[in-house]
Amino acid sequence: MTLLSEILKYNKQYVENKEYEKYQTTKFPDKKMVILTCMDTRLVELLPQAMNVKNGDVKLIKNAGAIVSHPFGSVMRSILVAIYELGAKEVSIVGHHGCGMKGLEADSFLEKCGQAGLDEEIIKTLTNAGIDIKSWLTGFQSVEESVEQSVKMVKNHPMFPKNIHVHGLVICAETGKLDVVVDGYQS
Ligand SMILES: [Zn+2]
């Protein structure tokens, strides 16, 4: 049995047993917060529990590293949608210790691509087309600095409302302990 067929089999039962009923809510975040965090497996359940966030409480955006890397990319758009369309009033950017994006190096990443069979010519073509693959595939050195930088990117966005607080946090992926890097009420 494939993983997908296992999921579908489970899902059929889940829906039939109406196990969804306890999760029913709306698309509007009750706590009026949008959280950007990392896709790390350890945070799937730990982060919402450690932050006391339940279904319906927040809008949750995830990517590798909890990074806002581009002012007009999909993460920034999601944050703006959460605010203007869905009523979020605060943003929390939550990086974590032991993140896979810490120390990510383009050269070793590209080596893995090569080992997986990616033709080097493709990388050359992309580079010649002006795409900066190397910096795109480079992670951060310090999670705190990365969070701070993402907070700045959000706050300085020309379309970002001035009255919205942006917090920067770092969570421990083992214990769920949160440390404040940027207190959005103070800045
Ligand atoms: Zn991570």
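Not measured: the values here are computed from a predicted model. (Residues numbered from 1 in each chain as written. Predicted model: local features only at pLDDT ≥ 70, side-chain atom pairs only at ≥ 80, totals over all residues. Heavy atoms only, no water.)

**Q** Can you walk me through the overall build of the protein chain in this structure?
**A** Regarding its fold elements, the protein chain presents 7 helices and 5 strands. Listed N to C, the secondary structure of the protein chain is α-β-α-β-α-β-α-α-α-α-β-β in terms of helices and strands. Considered along the principal axes of its C-alpha atoms, the protein chain spans approximately 55 × 50 × 35 Å. The buried share of the protein chain, taken over its 187 residues, is 38%. Taking the contacts inside the protein chain whose residues are at least 6 apart along the sequence as the reference set, 74% of them involve residues at least 24 apart. For the protein chain, the exposed area adds up to about 12000 Å²; of that, 56% sits on carbon and sulfur atoms. A gap of 7 Å separates the mean positions of the 21 positive and 23 negative side-chain charges of the protein chain. (Helix = DSSP H or I, 4+ residues; strand = E, 2+ residues; numbered from the N terminus. Buried < 20%, exposed > 50% of the residue type's maximum accessible area, 1.4 Å probe, protein only. Contact = heavy atoms within 4.5 Å. Areas by Shrake-Rupley, 256 points an atom, 1.4 Å probe, with all protein chains shown as cover. Lys, Arg positive; Asp, Glu negative; His and termini not counted. Charge placed at Lys NZ, Arg CZ, Asp CG, Glu CD.)

**Q** Teacher, can you tell me more about the layout of surface pockets here?
**A** Gaps left between atoms are located by rolling a probe of water-molecule size over the structure's atoms. Counted as a void, the largest pocket has a volume near 710 Å³. Taken together, 26 residues line the largest pocket, and the ones lying closest to its centre are I67, S69, M101, W136 and T138. Taken together, the elements giving at least two residues each to the lining of the largest pocket come down to α3 (74-84), α6 (133-136) and α7 (143-155). Considered class by class, the residues forming the lining of the largest pocket number 12 nonpolar, 13 polar and 1 charged. Split by domain, the lining of the largest pocket shows at least three residues from each of two domains, domain 1 (11-100 + 142-182) and domain 2 (105-138). The volume enclosed by the second largest pocket comes to roughly 380 Å³. Every residue along the wall of the second largest pocket is listed here: Y23, E45, P48, Q49, N52, V53, K54, N55, G56, V58 and L60. (1 Å grid on protein atoms, 1.4 Å probe; cavity = no way out; pocket = protein on both sides within 12 Å on 5 of 7 lines; lining within 4 Å. Points joined across faces, edges and corners; volume = space filled by probe spheres on them. Nonpolar A, V, L, I, M, F, W, Y, C, P; charged D, E, K, R; others polar. Domains from an automatic or database assignment.)

**Q** Mind showing me how you'd approach the coordination of the zinc ion here?
**A** Each donor-metal-donor angle would ideally measure 109.5 degrees in four-coordinate tetrahedral geometry, or 90 or 180 degrees in six-coordinate octahedral geometry. Within the first shell, the zinc ion binds the protein through C38 (SG), H96 (NE2) and C99 (SG), at distances of 2.0 to 2.3 Å. Donor residues for the zinc ion, ordered by position in the chain, follow C-x57-H-x2-C. Each of the two residues, H96 as well as C99, counts as buried. (Donors = N, O, S within 2.8 Å, 3.2 Å for Na, K, Ca; no water.)

**Q** Mind showing me how you'd approach the side chain of S92 here?
**A** Here S92 shows up in strand β3 (residues 90-96). Here S92 falls in the buried class, since its relative accessible area comes to 2%. Non-local contacts of S92, meaning those with residues more than four positions away in its chain, are made with M33, V34, I35, L36, H167 and L169.

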